[in-house]
Amino acid sequence: MTIIDKLLGLALVLLAGAAMFILALPSSSLRFSKKARKRYKPTLRPLPAFQKLRRAIGLAIEDGQGVHLSLGNANILQANAASALSGLSTLERLAQLSIVSDKPPIVTSGSGSLAILSQDTLQAAYRSGSAMAQYRPDLGRLTGPTPFSYVAGTMPVIHREKVYTNILVGNYGPEIGLLCEAADREGTFTLAASDALPAQAVLYATAQEPLIGEEMFAIPAYLKAGKFHLSSIQAQDLLRWVLMIIMVIGALLKLVQTLFGISIL
Amino acid sequence: MRAPLATAFAISVAVILLLGSFLPVPLLQDVLQPYLLGSAVIVGGVASLIGIYNLLSVHVRKLRTPKAGNLYSLFLIIAFVVTFAAGLWFTPSDARFQRVVTHIQVPVETSLLALLAISLTYTSLRLLQQRKDRMAWVFVISTLIFLIVTGGYLSALGGNGGGGFAAFFNTLPLAGARGILLGVGLGSLTTGLRIVFGADRPYSG
């Protein structure tokens, strides 16, 4: 990476951070006119998958049935950790929602660090909801440390633990198809998302409600996890426009260079 | 505020690592970043051990509960104890130990892969029954096209022309893949920034 690449990267990160921070501020603290404040109401576009997810979680809580959250087998020290972090944010909100339920959510993960973080997240949610009696460390469990052993260990959870809703969010390979197949056999609702392209292709064919691309990172926002989640979705939209403009300018400069031999950068 | 010390520590480490990735400051890149990443690797290793303990404790608890299928947990525990003892005795780098483990693990995973292939074929056939929208048709047609293109039939039949056609079709998914990956990258960035801001704290139990 050249110094220009690094500075561009830092500028993008700072822009994202600033956008998230400003958009998370209450609109009353921004110097907008009343009319502008009225117009500035951050909303999320309706996605049927999330509407069905909220309904499925609600039904599971009402019926006292289980919700299973699978965090995949991302390594928290590698670049694919963001998918697992998104899963953990989902878990926090899910635990808050299911505090009133008799059956707490079951979380499976494919790495030791994720299993510990899932236990921690559950514990924090139950502590803040004054429902520590419901918490058990085995609610967050490692089911297998390699991709296929993880799937082999998770399938019995789907089949035997009276699960009504399956949420699969994290880093997976094509083996996620086996989990979707198991959920389908049980007739349960399945929402699935992965940051890996092969898994997304498999999910499109096998999952009831697949999420493609960055939709995975929007799950906590759609479950109303907090204003920072909402602002991060808006920041993503803003950054997407910035990137599109940069790419178009880059392509035009390249075209000018090819046609006229003028090197601008 | 939940766990203020842990939050402050996590934010400080995140900021140091983030700046070290972009700014050419020797203190950040040569001293702090390697130290913090090295420590994280050790913590990750310990976490894996705790995870294995967690896996075993879940299966021991299952064995205590009389339920159909729970007996399989006994096989898992026996296999673990034997593998662990052999690993301690021979050390994990021993060729004989590696051969035995690989000769058990690879066939099991291959059979799961075979199961996945059958499952995917069956689901692909059912796709148009389950999804009756335009995108399902696009998915099925593009899958069929790319099965033919990547199968090498065109280049075998059409000589150079067929090869060129195949190369053109092979570049098409790249554009889509890059678009999806850009979205995933932006999502990862904002997820990481939520940790830096202390908005997400999965470590505060």
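Residues numbered from 1 in each chain as written. Chains lettered and ligands numbered in written order. Predicted model: local features only at pLDDT ≥ 70, side-chain atom pairs only at ≥ 80, totals over all residues.

## Some words on the overall build of chain A
Secondary structure assignment for chain A yields 10 helices and 6 strands. Buried positions account for 50% of the 265 residues belonging to chain A. If you take every contact in chain A between residues at least 6 apart in sequence, the share linking residues at least 24 apart comes to 68%. (Helix = DSSP H or I, 4+ residues; strand = E, 2+ residues; numbered from the N terminus. Buried ≥ 20, exposed ≤ 12 C-beta atoms within 10 Å, placed from the backbone. Contact = placed C-beta atoms within 7 Å.)

## Topic: the overall build of chain B
Each helix and strand counted, chain B has 6 helices and 0 strands in total. In chain B, the succession of helices and strands from N to C terminus is α-α-α-α-α-α. A globule of 205 residues ought to have a C-alpha radius of gyration of about 17 Å, yet chain B, at 25 Å, is considerably larger. Across its three principal directions, the C-alpha atoms of chain B cover 65 × 55 × 40 Å. For chain B, the proportion of its 205 residues judged to be buried stands at 14%. (Rg over C-alpha atoms; globule rule 2.2 N^0.38 Å.)

## Quick word on unusual backbone geometry
A positive phi angle is found at lysine 162 of chain A, which is not glycine, with a value near 50 degrees. Among the secondary structure elements, lysine 162 of chain A is positioned in the loop between helix H6 (147–160) and strand S4 (163–171). The class of lysine 162 of chain A is partly exposed, set by 15 C-beta atoms lying within 10 Å. Its identity as a non-glycine residue notwithstanding, threonine 91 of chain B has a phi of 75 degrees, on the positive side. Mapping threonine 91 of chain B onto the fold places it in the loop between helix H3 (72–90) and helix H4 (95–130).

## Re the confidence of the model for chain B
Of all residues in chain B, 93% have pLDDT values of 70 or greater, and the mean over the chain is 85. As a predicted assembly, this complex carries a pTM of 0.88 together with an ipTM value of 0.88. (pLDDT = per-residue confidence, 0-100.)

## Quick look at the pairing of strand S2 (residues 106–109) of chain A
Residues and elements named next belong to chain A. Alternating residues of S2 divide into Ile106 and Thr108 and Val107 and Ser109, and every residue in both groups is buried. Across 3 bridges, strand S1 (residues 66–72) lies against S2 in parallel orientation. The residue of S2 that forms the bridge with leucine 69 is valine 107. Since S1 and S2 lie parallel, the crossover through helix H4 (residues 81–97) that links them has a hand, and here it is right-handed. (Pairing = 2+ DSSP bridges. Right-handed = clockwise from strand over helix to strand, strands pointing away.)

## Observations regarding helix H2 (residues 26–64) of chain B
Between its first and last C-alpha, H2 of chain B extends 56 Å over 39 residues, near the 57 Å set by a 1.5 Å rise per residue. Roughly 35 degrees is the biggest bend found in H2 of chain B, and it falls at leucine 32 of chain B, with proline proline 34 of chain B one to four residues downstream. Those residues of H2 of chain B lying buried are Ala47, Gly51, Asn54, Leu55, Val58 and Lys62 of chain B. Looking at the buried side of H2 of chain B, the elements it contacts are helix H5 (112–128) and strand S3 (140–142) of chain A together with H3 of chain B. (Expected span 1.5 Å × (residues − 1). Bend = angle between axes of the 7 residues up to and from the residue.)

## A word on the interface of chain B and chain A
With 50 residues of chain B at the contact, the number on the chain A side is 58 residues. Breaking the side of chain B that touches chain A down by element, the ones donating at least two residues are helix H1 (4–22), H2, H4 and helix H6 (153–196) of chain B. Broken down by element, the side of chain B that touches chain A gets its largest block of residues, 15 residues, from H6 of chain B.

## Things to note about the sheet that holds S2 of chain A
All names here are of chain A. As summarised here, the arrangement of the 6 strands in space is S3-S2-S1-S4-S5-S6, forming an open sheet in which the pairing is parallel. The open sheet terminates on both sides in strands that have one partner only, identified here as S3 and strand S6 (209–211). Neighbouring strand axes in the sheet, compared pairwise and without regard to direction, differ in orientation by 15 degrees on average. As paired elements, S2 and S3 share 3 bridges and run parallel to each other. The residue bridging serine 109 from the neighbouring strand is leucine 142, located in S3. Along the sheet, H5 contacts S1, S2 and S3; its crossing angle with S3, the most-contacted strand, is approximately 175 degrees. (Axes fitted to C-alpha atoms, helices over the stretch in contact; angles between N-to-C directions.)

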